[in-house]
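# A structural walkthrough
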Amino acid sequence: MIALAGCGELELLVAVFDALHVPQKVLDETTADRSRPGAADIVAFVQDRARVHADRDDAVYAAAVGHLDEGEAQALSLAHALGCGVLMDERRGRQTAIRQGVPLFGVLGVLLQAKRIGKLERIAPALERMQANGYRISQMLIDEALRLAREAR
């Protein structure tokens with residue numbers, strides 16, 4: 001959410017996903033620093049467009065919180081409970097989701113899907129805005145996303 005908020009593209013989540021579920025801890029983590037680009041937008045977006053869930057304390061959370069941050073552990077626990085996928089870009093969280101068989105989505109996948117369904121004309125400007133706001137992404141992933149989007153650099 002942080003990356004999409006920072007580039008002004010939070011609404012793509014509504015276009016790409018049928019429902020948005022956010023653990024309270026994720027909301028807290030993504031909006032704690034109100035000076036971060038997009039933090040205020042996340043608050044308004046989640047209030048209007050998502051369902052916020054109370055923090056969980058189940059076996060999935062307990063197993064994950066030992067090696068992931070709390071927000072990622074909460075997101076995996078909630079995804080298991082709801083039988084849905086999870087939006088996650090952190091490497092360790094993604095690896096854990098894959099091991100657990102949780103359907104996984106990343107911000108690049110959101111951008112690519114938004115382009116496929118006609119909600120985004122080009123992904124390159126969004127990627128550039130994300131990077132300008134401090135979102136770290138490898139050049140290899142950027143190049144692959146641009147190739148999949150059929151956009152020249």
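Bear in mind the structure is a predicted one, so any value in this text is a computation, not a measurement.

## Topic: the nonpolar core
- If you look at the biggest cluster of nonpolar residues, it comprises 44 residues, and the most contacted ones within it are Leu-4, Leu-13, Leu-76, Val-86, Leu-111, Ile-123 and Met-130.
- Counting residues per element, this core draws most heavily on helix α8 (residues 107–116), which supplies six residues.
- Leave out the neighbours within four places in its chain, and Met-130 touches Ala-3, Leu-4, Cys-7, Val-107, Leu-111 and Tyr-135.

## Notes on the environment of Gly-101
- Checked against the element boundaries, Gly-101 lands in the loop between α7 (91–100) and β4 (104–105).
- The class for Gly-101 is exposed, based on a relative accessible area of 58%.
- Once the C-alpha coordinates of Gly-101 and Leu-68 are considered, the two residues, 33 residues apart in sequence, prove to be 17 Å apart.

## A few points about a negative patch on the surface
- Taken together, the side chains of Asp-28, Glu-29, Asp-55, Asp-69, Glu-70, Asp-89 and Glu-90 make up a negatively charged region of the molecular surface.
- Secondary-structure assignment places Asp-69 in the loop between α5 (59–64) and α6 (70–82).
- By relative accessible area, which is 35% here, Asp-69 ends up partly exposed.

## So, the pattern of salt bridges
- With the rule as written, the count across this model stands at six salt bridges.
- Between Arg-147 and Glu-144 there is a salt bridge, with its nearest N and O atoms 2.6 Å apart. Taken together, the positions of Arg-147 and Glu-144, both in helix α10 (residues 139–148) and three residues apart, correspond to about one turn of that helix.
- Each of the salt bridges in this network shares a partner with another, and the network as a whole consists of Lys-115, Arg-122 and Glu-151.

## Quick notes on the packing of aromatic side chains
- One pass over the full model with this rule turns up one aromatic pair.
- With a centroid separation of 5.1 Å and an interplanar angle of 75°, the aromatic rings of Phe-17 and Phe-105 are classed as edge-to-face. A residue pair is termed long-range when its members are at least 10 positions apart, and Phe-17 in the loop between α2 (11–16) and β1 (21–23) and Phe-105 in strand β4 qualify at 88 residues.
- Phe-105 sits in the partly exposed class, given a relative accessible area of 35%.

## Thoughts on the packing of helix α3 (residues 24–31) against α6
- At a minimum axis distance of 8 Å, the contact between α3 and α6 shows a crossing angle of 150°. You can see that α3 and α6 cross each other, and the crossing is left-handed. Every residue of α6 that contacts α3 at Lys-25, Val-26 and Glu-29 is listed here: Glu-70, Gly-71, Gln-74 and Ala-75.
- The residue makeup of the contact of α3 with α6, split by class, is two nonpolar, two polar and three charged.

Analysis parameters
- Residues numbered from 1 in each chain as written.
- Predicted model: local features only at pLDDT ≥ 70, side-chain atom pairs only at ≥ 80, totals over all residues.
- Heavy atoms only, no water.
- Core = buried A, V, L, I, M, F, W, Y, C linked by side-chain atoms within 4.5 Å.
- Buried < 20%, exposed > 50% of the residue type's maximum accessible area, 1.4 Å probe, protein only.
- Helix = DSSP H or I, 4+ residues; strand = E, 2+ residues; numbered from the N terminus.
- Contact = heavy atoms within 4.5 Å.
- Patch = residues over 30% accessible without salt bridge, like charges linked within 9 Å, V, L, I, M, F, W, Y side chains within 5 Å.
- Areas by Shrake-Rupley, 256 points an atom, 1.4 Å probe, with all protein chains shown as cover.
- Salt bridge = Lys/Arg side-chain N within 4 Å of Asp/Glu carboxyl O.
- Lys, Arg positive; Asp, Glu negative; His and termini not counted.
- Charge placed at Lys NZ, Arg CZ, Asp CG, Glu CD.
- Phe/Tyr/Trp six-rings, centres within 6.5 Å; stacked < 30°, edge-to-face > 60°.
- Axes fitted to C-alpha atoms, helices over the stretch in contact; angles between N-to-C directions.
- Left-handed = near helix turned anticlockwise from the far one by under 90°.
- Nonpolar A, V, L, I, M, F, W, Y, C, P; charged D, E, K, R; others polar.

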